Amino acid sequence: MDIIDEARAVARTLQTGWYGGTVTDVSMLRLDLIHPVISGNKWYKLKQNLWRAREEGYPGILTFGGPYSNHLVAAAAAAKMFGLTSAGIVRGSEFTDSPTLRECRSYGMQLVFVTRDVYREKDNADFIRHIPDRFARFYLIPEGGANKEGIEGAGEIARLIPARFTHVCIPVGTGTGFAGIRKKLAEDVTMIGFVPMKNGVYLQNSIQHYIDDEKLTNWYLRDDWHFGGFGKHPATLIRFMNEFFFANKVPLDIVYTAKMMFGMKSLLQSGFFPSSAHVLCIHTGGLQGNRSVAGQLEYPPP
Ligand SMILES: *Cc1c(COP(=O)(O)O)cnc(C)c1O
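Residues numbered from 1 in each chain as written. Predicted model: local features only at pLDDT ≥ 70, side-chain atom pairs only at ≥ 80, totals over all residues. Heavy atoms only, no water.

## Comments concerning empty space enclosed by the protein
Alright, step 1. In this structure the tally under the stated criterion is one cavity of 30 Å³ or more.
Alright, step 2. Looking at the largest cavity, the residues that line it are Phe 194, Val 195, Pro 196, Arg 222, Asp 223, Asp 224, Trp 225, Tyr 256, Lys 259 and Met 260.
Alright, step 3. Across the lining of the largest cavity, the residue classes break down as six nonpolar, no polar and four charged. (1 Å grid on protein atoms, 1.4 Å probe; cavity = no way out; pocket = protein on both sides within 12 Å on 5 of 7 lines; lining within 4 Å. Points joined across faces, edges and corners; volume = space filled by probe spheres on them. Nonpolar A, V, L, I, M, F, W, Y, C, P; charged D, E, K, R; others polar.)

Have a look at this one:
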């Protein structure tokens, strides 16, 4: 439980029977396998923050998330691994219990619930007055690990990507992971971010800001496969997740990776990629979120 096993994050070619099309190398980098809880991109976005918090002698870390947040539970478990106390500010005061929050508590995270209105102000300087005094000196990690340390840490994922790939695809939430990898990947590799929310292409601006290099333009976002919005999961998506698992024995998560791979299927079927392309899809983890649809999936949630 206490180690991150990066050796398991290997790119493997997917079964191609499920999509048709002419591209023969569509692979997946399984970041979901590095740790059962601190999985996927979350570990990379947290690690440098946690190092810093420990090195600089902070009493603990304070971060943010919703009641089903992959980031919150990963932060709770990773802080514990680093011997740090943790506190979480949770969006909304109506759900004070969920499997995710229960797990956060089991790693010793202290939770503070705030209304959505208050939560929306979390990046403002005077948000501090909503934070209980006992956490005032904690090291602050923004939601989704979206800071300099998070971007740099995510850049480490680039070294797990073999050089043969012409296209690298990853789901996008804040875009921190996307930006970190884009900065470190060879310029001629095209990066495509799949945003699982309506009109998600607006994230382009913040990602541009995170990348902080105007010459680096070989990337774009797609938001066509949001399935009604963030966290929405109609029967078509569930069916696809079961099909994908049947073909590849790879579990996808309901919020991010399932929507990316559904989009990938559409792109492949429409002949979007040249047949010489080598396409890598990054599995960013998040499987704990499947607990909310456990009965509908043909593979057990973690
Ligand atoms: C958090 C998360 C993302 C989004 O990562 P960002 O760096 O915020 O863009 C993608 N996939 C999964 C499974 C996640 O949990």
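## Some thoughts on helix α3 (residues 99–106)
Alright, step 1. For α3, the complete set of buried residues consists of Thr 100, Leu 101, Glu 103 and Cys 104. Looking down the long axis of α3, one finds its buried residues gathered within 160 degrees of arc, a one-sided arrangement.
Alright, step 2. Lining the buried residues of α3 we find α2 (70–81), β4 (85–91) and β5 (110–114).
Alright, step 3. Where α3 ends, the next residue or the one after it, Gly 108, has phi of about 90 degrees, a positive value. (Buried < 20%, exposed > 50% of the residue type's maximum accessible area, 1.4 Å probe, protein only. Helix = DSSP H or I, 4+ residues; strand = E, 2+ residues; numbered from the N terminus. Arc of directions from axis to C-beta. Contact = heavy atoms within 4.5 Å.)

## A closer look at the site of the ligand
Alright, step 1. Not every one of the 15 residues close to the ligand is listed here, only the nearest: Lys 42, Lys 45, Gly 173, Thr 174 and Thr 284.
Alright, step 2. The separation between an oxygen atom of the ligand and a polar main-chain atom of Thr 176 is 3.5 Å.
Alright, step 3. Between a nitrogen atom of the ligand and a side-chain N or O atom of Thr 284, the distance comes to 2.7 Å.
Alright, step 4. Coverage of the ligand by the protein chains reaches 97% of its 380 Å² of free accessible surface.
Alright, step 5. The greatest single-element share of the shell around the ligand, amounting to three residues, is contributed by helix α1 (residues 40–55). (Near = heavy atom within 4 Å. Polar contact = N/O pair within 3.5 Å; in protein donor to acceptor, adjacent residues only side chain to side chain. Areas by Shrake-Rupley, 256 points an atom, 1.4 Å probe, with all protein chains shown as cover.)

## A word on the packing of α2 against α3
The angle between the axes and the distance between the axes are what describe a pair of packed helices.
Alright, step 1. Axis separation between α2 and α3 bottoms out at 8 Å; the angle between their running directions is 15 degrees. Considering their axes alone, α2 and α3 lie roughly parallel with respect to each other. As α2 packs across α3, the resulting crossing turns out to be left-handed. Note on element contacts: α3 touches α2 through Thr 100, Leu 101, Glu 103 and Cys 104, opposite Leu 72, Val 73 and Ala 76.
Alright, step 2. Looking at the contact of α2 with α3 residue by residue, the classes come out as five nonpolar, one polar and one charged. (Axes fitted to C-alpha atoms, helices over the stretch in contact; angles between N-to-C directions. Parallel < 35°, antiparallel > 145°, perpendicular 65-115°, else oblique. Left-handed = near helix turned anticlockwise from the far one by under 90°.)

## Looking at the sheet that holds strand β10 (residues 278–283)
Alright, step 1. Read from one edge of the open sheet, six strands run β1-β2-β10-β7-β8-β9, paired in mixed fashion. A single partner strand is all that each edge strand has here, and the edge strands are β1 (11–13) and β9 (219–222). Shown here is a sheet whose adjacent strand axes are inclined to one another by a mean of 25 degrees, direction ignored.
Alright, step 2. Alignment of strand β7 (residues 167–171) against strand β8 (residues 190–194), held across five bridges, turns out to be parallel. Counterpart to Cys 169 in the pairing with β8 is Ile 192.
Alright, step 3. On the sheet, helix α6 (residues 176–184) packs against β7, β8, β9 and β10 and is oriented at approximately 180 degrees with respect to β8. (Pairing = 2+ DSSP bridges.)

By themselves these figures say nothing about function.
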